[in-house]
Amino acid sequence: MSDKSSAAFFRAEGVLISRGVVHAATWMAAQRAGLRERAFRFGQAALAAPVFGLLGQNDRSLGNRIAHLAYREMTSDRIDVLAEEYVDDMLEDHVLDSGVELIKKARAAGHRVVVISEGIAEIMERAVEKYFRGVDDLCCNHLEYKDHKATGKLLEPVIGGYEGGRWVQAYAAEHGVDLSRSVAYAGHGPDLLLLSAVGQPCVVNPDHTLRKAAKEADWPVVDYTA
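Residues numbered from 1 in each chain as written. Predicted model: local features only at pLDDT ≥ 70, side-chain atom pairs only at ≥ 80, totals over all residues. Heavy atoms only, no water.

### Considerations on unusual backbone geometry
Of all residues except glycine, most have a negative phi; of all peptide bonds, most are trans. What counts, and what does not: Secondary structure elements are taken from DSSP: a helix is a run of H or I of four residues or more, a strand is a run of E of two residues or more, and numbering for both begins at the N terminus.
Following glutamate 156, the chain continues to proline 157 via a peptide bond in cis, the omega torsion being -5 degrees. Tracing the backbone through its elements, the reader meets proline 157 in the loop between strand 5 (149-154) and helix 8 (164-175). Phi is positive for histidine 148, which is not a glycine, with a value near 70 degrees. Position of histidine 148 among the secondary structure elements: in the loop between strand 4 (143-146) and strand 5.

### Some words on helix 2 (residues 21-30)
Note the following rule: Burial classes: relative accessible area under 20% of the type maximum marks a residue as buried, over 50% as exposed, and values in between as partly exposed (1.4 Å probe, protein chains only).
Of all 10 residues in helix 2, 8 are buried, a share of seventy percent or more. Those residues of helix 2 that fall on the buried side of the exposure criterion are Val21, Val22, Ala24, Ala25, Thr26, Trp27, Met28 and Ala29.

### Details of the pattern of salt bridges
Where we set the bar: Within this document, salt bridges are pairs made up of a side-chain nitrogen of Lys or Arg and a carboxyl oxygen of Asp or Glu, the two lying within 4 Å of each other.
The final tally for this structure, using the stated rule, is 10 salt bridges. Among the charged side chains, a salt-bridge network with shared partners connects Arg11, Glu13, Glu118 and Asp191.

### Some words on the packing of aromatic side chains
The criterion, for reference: Any two of the Phe, Tyr and Trp rings considered here, Trp counted by its six-membered ring, make a pair once their centres fall within 6.5 Å; the pair's planes then place it as stacked at under 30 degrees, edge-to-face at over 60, or tilted in between.
Under the defined criterion, the tally for this structure stands at 6 aromatic pairs. Taking the centre distance of 5.8 Å and the plane angle of 85 degrees together, the rings of phenylalanine 9 and tyrosine 171 count as edge-to-face. A residue pair is termed long-range when its members are at least 10 positions apart, and phenylalanine 9 in strand 1 (residues 7-11) and tyrosine 171 in helix 8 qualify at 162 residues. In terms of burial, phenylalanine 9 and tyrosine 171 fall into one category: buried. Ring centres of phenylalanine 10 and tyrosine 185 lie 4.8 Å apart, and the angle between their planes is 15 degrees; on these two criteria the pair is classed as stacked. With phenylalanine 10 in strand 1 and tyrosine 185 in strand 6 (residues 183-186), the pair connects residues that are 175 residues apart, well separated along the chain. Accessibility assignment for this pair places phenylalanine 10 and tyrosine 185 in one class, buried. Pairwise contacts between aromatic rings join Phe9, Trp167 and Tyr171 into one cluster.

Structure (structure tokens):
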């Protein structure tokens, strides 16, 4: 990949896809073998939904940790197979065409394109390859494995909280990116520091917290459903 003097950072959830990690974890849990195990892990994933509702506009890290407990004891091979099915069968109708167009415009403008996601690598790497051409880098969550089985934990740092601002600063330093000439698209309260780090922030399909902050900061707001 060639070096670029500016970058376009895209938060996947809400900007590029309309489905989030709770939906993915719940679907994956529903595919587990054994009725009792399936019901237990499905329940764990479902518990993350109210946590996102209560804390999602402030810090989504806890919701992410709870949602991904549903993967505990699943083998890496099984997760890979289910991830492929999920991307092919469940995500296609939830890819936001307007987000795809934003990526195309960023490429045309000469930006390095970076996608930031709460989703796990097994899903997001496939999704980016299939639906979002022209992406240079992906930052997402990674499951912890022991003896080829998921422990139900995420490796640090957990994407979804306020780490976005620190991460983008580190990324810029590593890749020689001028943040003052860069753009970012995001829609959740915890993305406030990510958006604040670039010269051209754009709020997309925002939650209440970020919509209010965007109004106060006089940032552009874009609402779309496709």
